[in-house]
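So you can see what is in the structure, the chains are spelled out below.
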Amino acid sequence: MGKFMRLCVTEPNVAKLPFMIDSSKWPVVEEGLKCVQGKSIVNSISLKVGEEEFLRQAKLCMRYGAAVVLMAFDEQGQAATFEDKVRICQRSYRLLRQRIDFPPEDIIFDCNVLTIATGLPEHNSYAIDFINAVAEIKRTCPCVSFSGGLSNLSFSFRGLNSLRDAMHSVFLYHAVPKGLNMSIVNPGGLPRYCDIDEKCRKMAEEVILNKSADGNHVERFLEYAEEVKKPPAPARAGPVLKIEKSSPTQQIEFLRSLKGTVTCEAEHVKPEPGCEALDVCRLEGPQETQKVAEKIIACQTPTPTEVLNYFNNELRKRICFLDGGMGTRIQAEKLEEADYRGDRFKDFNEIDANGVPVSLKGNNDLLIFSKPDMVRDIHKEYFAAGSDICETNTFNGTTISQGEYKMQPVVYELNKKGAELAKQAAADVTKAEPHKPRFVAGAVGPTSRTLSVSPSVEDPSFRNVTWDELVEAYKQQVSGLVDGGVDLLMIETVFDTQNCKAAIFAVDEYFLETKKERLPVMLSATIVDNSGRTLSGQTVEAFYVSVKHARAFTVGINCALGAAQMKGFYKKLVDMNSGWCHVYPNAGLPNAMGGYDEDPDIFSNNILDYAKDGLLNFVGGCCGTFPSHIAAVVKKVAGCPVRKLPELPKYPSMQLSGLEPCFVTEQAGFQWVGERCNLMGS
């Protein structure tokens, strides 16, 4: 599964769509989830394994950011009747909603399409029971979708493909309006309902609806199938059954023209106390500014709830500010090798894989040890310029990134010390301005390796890092940052969403293991050019859908482009984002010398263009932005309207993603799931 998925995600024409990862073995499904940067569908989980394992698998689907197909199975087996399908699906729904607050729009029920017209009377109602069960579950379980494997319906007519196609088309004609909104279908492989021979269509309809005037519809259909299989002598000049297959476009237009007739007005099932997924952007509580400031002045860390309450209140009144580009600010110091080594590493003499002595120049994170006063003073400069939040100097603070300098052993200490330096700066500035406390975000960079792109032109399935390695590296970094006292975590400059998902997974793992209250998480993607895509190919909308499961405090974009070039892409994110947004662009595009040409006045004027349109919650700067840039922005946008949180829909719809977003809405109509890739088929 892993190799196959790694091949799939490197092919743009395939990877642009969401994946459905299908296996009866959970470890195989999980291996697939570790390879997909978009929001995929897991097919499937069920109560067959018991409630405890069912909920464990569902929680993992949430943590990987996947929707899930729920099969109508329980501990006693497969649901065949209408009553069993409804009972098991409603029970599954209640468990997911009450016990783990699983997003209802990410639930897809497969009510078991079973084989009809077998000659056994107990099978006759399988199709209509499925259709009626879909309608009943749709009425009573808000926001869910429905899927099914069509090939099972006609399995007893293997070899009679035209007849099977007719049955499938008639089944969809009746099931789609009742709520079936996705299925495994070969586009262009089915006729439209109106293209089916009238005699065949009538008989197929009778067996699917299990209804006819004389009650002999199954026997009549079986006899008809025999005629199709062995046509009588007079009919040899032409086939008994000839059906014109539609083109993919015709089939899409026809099935999407079938409008739903069943609506849901049921109230949502509420999670049990203590099981709710917190909407961190809408958490309501007192803004205890004095209490928070006192903790920060004492170099203590406010609780996550106190941080959220402060900003959720503040962001309703004004735009808040991030810092500027730490890396380019350090470059302005024109440091040399000896500055990076300091006393601690003056005798460092490691050799790289090519036999060359390792240089420490350029390892900015290491300055936490060799130039701590300089690092702390830079943080203070940005805080004094007006930044509400500064990031730690730990952009490359993982064993993977520090491995390039042979500095893996100091990673935990580096992150802890980096957090402490930033907290000291925050304390100093907050002491001078207690009405505006300053906060520290632990900077978690992307590393120099990618899970979605192969570094080998010969082998597109090859990766030089695994999901598990990234998770472990990020978890160690988070541990140091939290122990150093950061107030928030910023997973930033995301060029590969799968790396970002590994970081999110690591954050959750750390807080689950330590049982500490989870810090607010900020997520920031970087788009590489005017295509509006990340380096791994996702649009900004697809990125947002892929990380929505993180319950982030802010989602935004940074780096890559200047503010003028970024606005259109940021606006797309703002329009989708149900929570707070941030943006921190470069000071324009890099010039021929690698510098940045936008001075504070130009940069702040470009940011003002965002602010006047009410697009900003948090704003800062990235490469080439100095404290003077931040000060200019703070002054320029004063009094501009802050972006308001959007109103949430009562009945949200499913959002999926590959390289591009896919919205499963009533208006979008029926969705095709491409035939699964297996060797046996059906």
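Below, the structure is looked at part by part. For clarity, every value in this text was computed on a predicted model and none was experimentally measured.

Parameters and conventions
- Residues numbered from 1 in each chain as written.
- Predicted model: local features only at pLDDT ≥ 70, side-chain atom pairs only at ≥ 80, totals over all residues.
- Heavy atoms only, no water.
- Helix = DSSP H or I, 4+ residues; strand = E, 2+ residues; numbered from the N terminus.
- Rg over C-alpha atoms; globule rule 2.2 N^0.38 Å.
- Buried < 20%, exposed > 50% of the residue type's maximum accessible area, 1.4 Å probe, protein only.
- Contact = heavy atoms within 4.5 Å.
- Areas by Shrake-Rupley, 256 points an atom, 1.4 Å probe, with all protein chains shown as cover.
- Lys, Arg positive; Asp, Glu negative; His and termini not counted.
- Charge placed at Lys NZ, Arg CZ, Asp CG, Glu CD.
- Phe/Tyr/Trp six-rings, centres within 6.5 Å; stacked < 30°, edge-to-face > 60°.
- Lys NZ or Arg CZ within 6 Å of the ring centre and 35° of its normal.
- Pairing = 2+ DSSP bridges.
- Axes fitted to C-alpha atoms, helices over the stretch in contact; angles between N-to-C directions.
- Right-handed = clockwise from strand over helix to strand, strands pointing away.
- Core = buried A, V, L, I, M, F, W, Y, C linked by side-chain atoms within 4.5 Å.
- Left-handed = near helix turned anticlockwise from the far one by under 90°.
- Nonpolar A, V, L, I, M, F, W, Y, C, P; charged D, E, K, R; others polar.
- Expected span 1.5 Å × (residues − 1).
- Salt bridge = Lys/Arg side-chain N within 4 Å of Asp/Glu carboxyl O.
- Polar contact = N/O pair within 3.5 Å; in protein donor to acceptor, adjacent residues only side chain to side chain.
- Disulfide = S-S within 2.5 Å.

## Comments concerning the overall build of the protein chain
The number of helices and strands found in the protein chain is 24 helices and 19 strands. For 682 residues, the compact-globule formula gives about 26 Å, and the C-alpha radius of gyration of the protein chain, at 29 Å, lands near that figure. Classification of the 682 residues of the protein chain by burial places 58% in the buried group. The contacts of the protein chain with a sequence gap of at least 6 include a subset with a gap of at least 24, amounting to 78%. Accessible surface, the protein chain: about 28,200 Å² in total, of which carbon and sulfur atoms supply 51%. One finds the centroid of the 77 positive side-chain charges in the protein chain at a distance of 2 Å from the centroid of its 87 negative side-chain charges.

## What about the packing of aromatic side chains?
Taken as a whole, this structure holds 18 aromatic pairs when the rule is applied. Here Y173 and Y193 contribute two aromatic rings whose centre-to-centre distance is 3.6 Å and whose plane-to-plane angle is 5°, an arrangement assigned as stacked. You can see Y173 sitting in helix α7 (residues 161-175) and its partner Y193 sitting in the loop between β8 (182-184) and α8 (198-209), a full 20 residues away along the chain. A relative accessible area of 29% means that Y173 is categorised as partly exposed. Its guanidinium or amino end placed over the ring of F73, K48 lies 4.8 Å from that ring's centre, counting from NZ or CZ. One residue, R344, lies across the ring of F369, its end atom 4.5 Å from the ring centre.

## Re the sheet that holds strand β6 (residues 107-110)
Sheets are built from strands paired through backbone hydrogen bonds, the pairs being either parallel or antiparallel. Here five strands make up an open sheet; going across it, the order is β1-β2-β3-β6-β7 and the pairing parallel. Whereas interior strands pair on both sides, the edge strands pair on one side only; in this sheet they are β1 (20-22) and β7 (145-147). For this sheet, the mean angle separating the axes of adjacent strands, direction not counted, is 30°. Pairing geometry for β6 and β7, over three bridges, is parallel. Following the sheet pairing, D110 is matched in β7 by S147.

## Quick look at the pairing of strand β14 (residues 554-562)
In terms of burial, β14 is largely enclosed, as nine of its nine residues are buried. Bridge count for strand β13 (residues 521-525) against β14 is four bridges, and the pairing is parallel. Residue pairing in the sheet places S524 in a bridge with G556 of β14. Between the parallel pair β13 and β14, the chain is carried across by helix α21 (residues 540-547), and the sense of this crossover is right-handed. In the sheet, β14 pairs with strand β15 (residues 580-586) via six bridges, with the strands oriented parallel. Counterpart to V555 in the pairing with β15 is C581. With helix α22 (residues 563-576) bridging β14 and its parallel neighbour β15, the resulting β-α-β unit is right-handed.

## Examining the nonpolar core
In this structure, F109, F171, F311, I491 and F553 are the most contacted members of the largest nonpolar core, which totals 203 residues. No other element matches helix α20 (residues 497-514), which puts nine residues into this core. With sequence-adjacent residues up to four places away left out, F553 is seen in contact with V280, C281, L308, F311, N312, L315, L488, P520, V521, M522, W580 and F618. Within the second largest apolar cluster, 13 residues are counted, among which are V69, F73, I108 and L656.

## Looking at the packing of helix α18 (residues 411-432) against helix α19 (residues 467-483)
Contact geometry for α18 and α19: axes closest at 7 Å, N-to-C directions at 35°. The way α18 lies across α19 gives a crossing that is right-handed. Residue-level contacts link V411, Y412, N415, K416 and A419 of α18 to Q476, Q477, S479, G480, L481 and D483 of α19. Grouping the constituent residues of the contact of α18 with α19 by class yields four nonpolar, five polar and two charged.

## Concerning α20
The terminal C-alpha atoms of α20, which comprises 18 residues, lie 26 Å apart, in line with the 26 Å expected from a rise of 1.5 Å per residue. Within α20, 14 of the 18 residues are buried, which leaves it mostly tucked inside the rest of the structure.

## A short note on the pattern of salt bridges
Tallying each qualifying case throughout the model produces 42 salt bridges. Residue E75 pairs with R91 through a salt bridge whose shortest N-O separation is 3.0 Å. Taken together, the residues span a long stretch of sequence, with E75 in the loop between β4 (73-74) and β5 (77-78) and R91 in helix α5 (residues 82-100) at a distance of 16 residues. Connected via shared salt-bridge partners are E51, E75, R91 and R99.

## Comments concerning the packing of α5 against helix α6 (residues 126-140)
As a packed pair, α5 and α6 sit with axes 9 Å apart at the nearest point and diverge in direction by 35°. Crossing of α5 over α6 shows right-handed handedness. The residues of α6 that touch α5, namely those facing F82, K85, V86, C89 and Q90, are D129, F130, N132, A133, E136, I137 and T140.

## Regarding the environment of E391
Mapped onto the secondary structure, E391 falls in strand β10 (residues 389-391). Separated by 28 residues in the primary sequence, E391 and A419 have C-alpha atoms spaced 8.6 Å apart.

## Section: the side chain of R97
Mapped onto the elements, R97 comes out in helix α5. Within the structure, the side chain of R97 is placed 3.3 Å from the backbone oxygen of V269, a separation counted as a polar contact. The contacts of R97, once residues within four sequence positions are left out, are F102, P104, V269, K270 and P271.

## Quick word on the state of the cysteines
Every disulfide links exactly two cysteines, by a covalent bond between their sulfur atoms. Here the structure, examined in full by the defined rule, presents zero disulfides. Cysteine C662 shares no disulfide, and the gap to the nearest cysteine sulfur, in C143, comes to 17 Å.

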